[in-house]
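# Survey of secondary and tertiary structure
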Amino acid sequence: MAPSAAQSAPQRIVIENCAIATVDAHDTEYASGHLVIADNRIESIGAGRAPEGLTGVVRRIDATGHLVTPGLINTHHHFYQWITRGLATDHNLFNWLVALYPTWARIDEQMGYAAAQGSLGMMARGGVTTAMDHHYVYPKDSGDLSGAIIKAASEMGVRFTLARGSMDRSEKDGGLPPDFAVETLEGALAATEETVRKHHDASFDAMTQVAVAPCSPFSVSTELLKQGAELARRLGVRLHTHGSETVEEEQFCKELFGMGPTDYFESTGWLGEDVWMAHCVHMNDSDIEAFARTRTGVAHCPSSNARLAAGIARVPDMLKAGVPVGLGVDGTASNESGELHTELRNALLINRLNPVHREAALNARQALRLGTYGGAQVLGRASQIGSLEAGKLADLVLWKLDTLAHASIADPVTALVFGAAAPVTASFVNGRQIVADNRLLTVDEDAIARSTRDEAQRLARIAARG
């Protein structure tokens, strides 16, 4: 039986009296505007008050003193690292990995679930509406780690991409991970395909998607990269890995493969508009041209790059060349704060340290675009999220800017990016509010804090026993 008019009428939420940064193609902004949500879509947006005579209005929000932006989009993370924060704090990347791999290789499903809750919770209450996790550690008999991570995201209510990672190059093969921490080539490919078939949703308003994501050139075989790319394209999903993060990685690739990371990736089928890579710090002009030519995306992780002394990525040059660039928290063992909204500021400030571009490297609106529309491009979802436009999904954040922290900054986008971390009064994903006054509405924050502390202690005890 066809639904009645009453049953099919949309439920509307009206947000008014706020500054709005749409981050659309024209960077349209409103000093005082409105936004109407109808079910899970943005129905209208514009200057002044909302239209009169709207039906089905279930809620009106007077957002005086707020800036409304698209929800932030995280493009690179390792959730499991939440329970190994604060370790190896004075190491470069390779030494840091060697120090922590033996601990990470002992995680199990319960630990993975708790760590995902902690990582997701910290991001969500700070304005992230779309998250991703590059999980590549699958110890034998550790349980359903992918399922646990996806469950945590579903309960939190965030939009989510699981980049199902893998490693098959261990120490005995010249890689960094210990021998007991890797999968076989065949096992990794089979498990990745199973994860895609079980969890990936290709629909417009999908809440869960899956990407194929062998970990890095120094932890996977050439054959896993090649067959992983073939698998992703056969299944119609995206590809993700780490690339050009450190000078040591570049040396590793030249010694092992006789070429730099970008040329190596291209030789294995890993450049293309369906690919995005984390970091991309050490890129020469030819590398950037190759990424631009193939529309390969980049997840820029400024805090993690600084924490591990990896260097400053050439983000202004990438953007000028047309490379899609988003922002990433990276794992919280190399960015202990675990918050993406602070990466807006850090991306701007760190890129201004580049002696070539200096103060012209990035401005406030470019930084906001990296954290929103840029992220949507990188995840292949720019037609659905990343900007506030009629017809797009209702993923948005209300930032409170009328407190002491921002009171004397006239421009709201400048206040958000240059100023202190702004409180999140409300965050909506798919039209559903998941944060109110910097607190999660969908899960118990205090219970998550206890659980992640307990699992971190349990992991430390297990690792200590060897």
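Quick summary incoming for the structure in this document.

Definitions and limits used
Residues numbered from 1 in each chain as written. Predicted model: local features only at pLDDT ≥ 70, side-chain atom pairs only at ≥ 80, totals over all residues. Heavy atoms only, no water. Helix = DSSP H or I, 4+ residues; strand = E, 2+ residues; numbered from the N terminus. Polar contact = N/O pair within 3.5 Å; in protein donor to acceptor, adjacent residues only side chain to side chain. Contact = heavy atoms within 4.5 Å. Buried < 20%, exposed > 50% of the residue type's maximum accessible area, 1.4 Å probe, protein only. Arc of directions from axis to C-beta. Core = buried A, V, L, I, M, F, W, Y, C linked by side-chain atoms within 4.5 Å. Phe/Tyr/Trp six-rings, centres within 6.5 Å; stacked < 30°, edge-to-face > 60°. Lys NZ or Arg CZ within 6 Å of the ring centre and 35° of its normal. Salt bridge = Lys/Arg side-chain N within 4 Å of Asp/Glu carboxyl O. Axes fitted to C-alpha atoms, helices over the stretch in contact; angles between N-to-C directions. Left-handed = near helix turned anticlockwise from the far one by under 90°. Nonpolar A, V, L, I, M, F, W, Y, C, P; charged D, E, K, R; others polar. Pairing = 2+ DSSP bridges. Expected span 1.5 Å × (residues − 1). Parallel < 35°, antiparallel > 145°, perpendicular 65-115°, else oblique.

## Looking at the side chain of H240
- With respect to the helices, strands and loops of the structure, H240 is situated in strand 10 (residues 239–243).
- A polar side-chain atom of H240 sits 2.9 Å from a polar atom in the side chain of H76.
- Contacts of H240, omitting those with residues within four sequence positions, involve T75, H76, M132, H134, A163, V212, A213, P214, W270, W276, M277 and A278.

## Brief notes about helix 7 (residues 247–257)
- Taken as a whole, helix 7 has its buried residues at E249, F252, C253 and F257. One face of helix 7 carries all of its buried residues, which in axial projection span an arc of 95 degrees.
- Contacts from the buried residues of helix 7 go to helix 2 (93–104), helix 6 (222–235), strand 10 and helix 8 (261–267).
- Trailing helix 7 by a residue or two, G258 shows a phi angle of about 75 degrees, which is positive.

## A closer look at the nonpolar core
- Membership of the largest hydrophobic core comes to 109 residues, with the highest contact counts inside it found for W96, W104, L120 and M318.
- Discounting chain neighbours no more than four positions away, the residues touching M318 are C280, M283, I288, V298, A313, V323 and V325.
- Within the second largest apolar cluster, 16 residues are counted, among which are A63, V68, A394 and L396.

## Focus on the packing of aromatic side chains
- A full pass over the atoms with the stated rule returns 10 aromatic pairs.
- Between Y80 and Y136 the ring centres are 5.8 Å apart and the planes differ by 90 degrees, which places this aromatic pair in the edge-to-face class. Residue Y80 is located in the loop between strand 6 (72–73) and helix 2, and its partner Y136 is located in the loop between strand 7 (128–135) and helix 4 (145–156); the two are separated by 56 residues in the primary sequence. Just as Y80 is buried, Y136 falls in that class too.
- A ring pair is formed by W96 and W104, whose centres lie 5.2 Å apart and whose planes are at 75 degrees; its orientation type is edge-to-face. The pair formed by W96 and W104 is uniform in burial state, with each residue classed as buried.
- Members of the aromatic cluster, each reached through a chain of ring pairs, are F94, F218, F252, F257, Y264 and F265.
- In this structure, R85 packs its charged tip against the face of W82, placed 3.8 Å from the ring centre.
- Sitting above the plane of the Y138 ring, R164 keeps its charged end 3.6 Å from the centroid.

## Concerning the pattern of salt bridges
- Across all of its chains, the model carries 25 salt bridges by this definition.
- A salt bridge links D395 to R159; the shortest N-O distance between them is 2.8 Å. One end of the pair, D395, is in the loop between helix 13 (364–378) and strand 14 (396–400); the other, R159, is in strand 8 (residues 159–166), and 236 residues separate them in sequence. The residues D395 and R159 share a single accessibility class, namely buried.
- One salt bridge in this structure joins R314 and D285, with 2.6 Å as the shortest N-O distance. Of this pair, R314 sits in the loop between helix 10 (302–307) and helix 11 (315–321) while D285 sits in helix 9 (residues 285–294); the two residues are 29 residues apart in sequence, bridging distant segments of the chain.
- Of the residues examined, D285 reaches a relative accessible area of 56% and is grouped as exposed.

## Re the environment of A206
- Structurally, A206 is set in the loop between helix 5 (185–199) and strand 9 (208–214).
- C-alpha of A206 to C-alpha of R159: the two residues are 47 residues apart in sequence and 7.5 Å apart in space.
- Ignoring anything within four residues of it in the chain, the contact list for A206 reads R159, D201 and R381.

## Here's the deal with the packing of helix 3 (residues 109–124) against helix 4
- At a minimum axis distance of 8 Å, the contact between helix 3 and helix 4 shows a crossing angle of 35 degrees. Along this stretch, helix 3 crosses helix 4, giving a crossing that reads as right-handed. Contact residues: E109, G112, Y113, A116, Q117, L120, G121 and A124 in helix 3; L145, A148, I149, K151, A152, A153, E155 and M156 in helix 4.
- Taken together, the residues that form the contact of helix 3 with helix 4 break down as 10 nonpolar, three polar and three charged.

## With respect to the side chain of S170
- For S170, the position within the fold is in the loop between strand 8 and helix 5.
- Taking the relative accessible area as the measure of exposure, S170 reaches 1% and is therefore buried.
- Not counting residues up to four positions away in its chain, the partners in contact with S170 are G175, P177, P178, D179 and V182.

## Details of the pairing of strand 16 (residues 432–436)
- As judged from the four bridges shared by strand 15 (residues 424–429) and strand 16, these two strands associate in the antiparallel manner. Counted as the bridge partner of F428 is Q433 from strand 16.
- The turn joining strand 15 and strand 16, which pair antiparallel and follow one another in sequence, is formed by two residues; a positive phi near 60 degrees is taken by N430.
- Relative to strand 17 (residues 439–440), strand 16 is paired through two bridges, and the arrangement is antiparallel. Bridge pairing links A436 to R439 in strand 17.
- Counting the residues between successive antiparallel strands, the hairpin from strand 16 to strand 17 contains two residues, one of them, D437, with a positive phi of roughly 50 degrees.

## Digging into helix 4
- Here helix 4 is 12 residues long and its end C-alpha atoms lie 17 Å apart, about the 16 Å a rise of 1.5 Å per residue gives.
- For helix 4, a buried count of nine out of 12 residues is recorded, marking the element as mostly surrounded by other parts of the structure.
- For helix 4, the full list of buried residues reads L145, S146, G147, A148, I149, I150, A152, A153 and M156.
- Once helix 4 ends, the next one or two residues include G157, with phi positive near 90 degrees.

## Some details on the packing of helix 12 (residues 341–351) against helix 13
- It is the contact of helix 12 with helix 13, at a shortest axis distance of 9 Å, that shows an interaxial angle of 130 degrees. In terms of axis orientation, helix 12 runs oblique to helix 13. For the pair helix 12 and helix 13, the sense of crossing is right-handed. Where helix 12 abuts helix 13, its residues L344, A347 and L348 lie against A364, A367, L368, L370 and G371.

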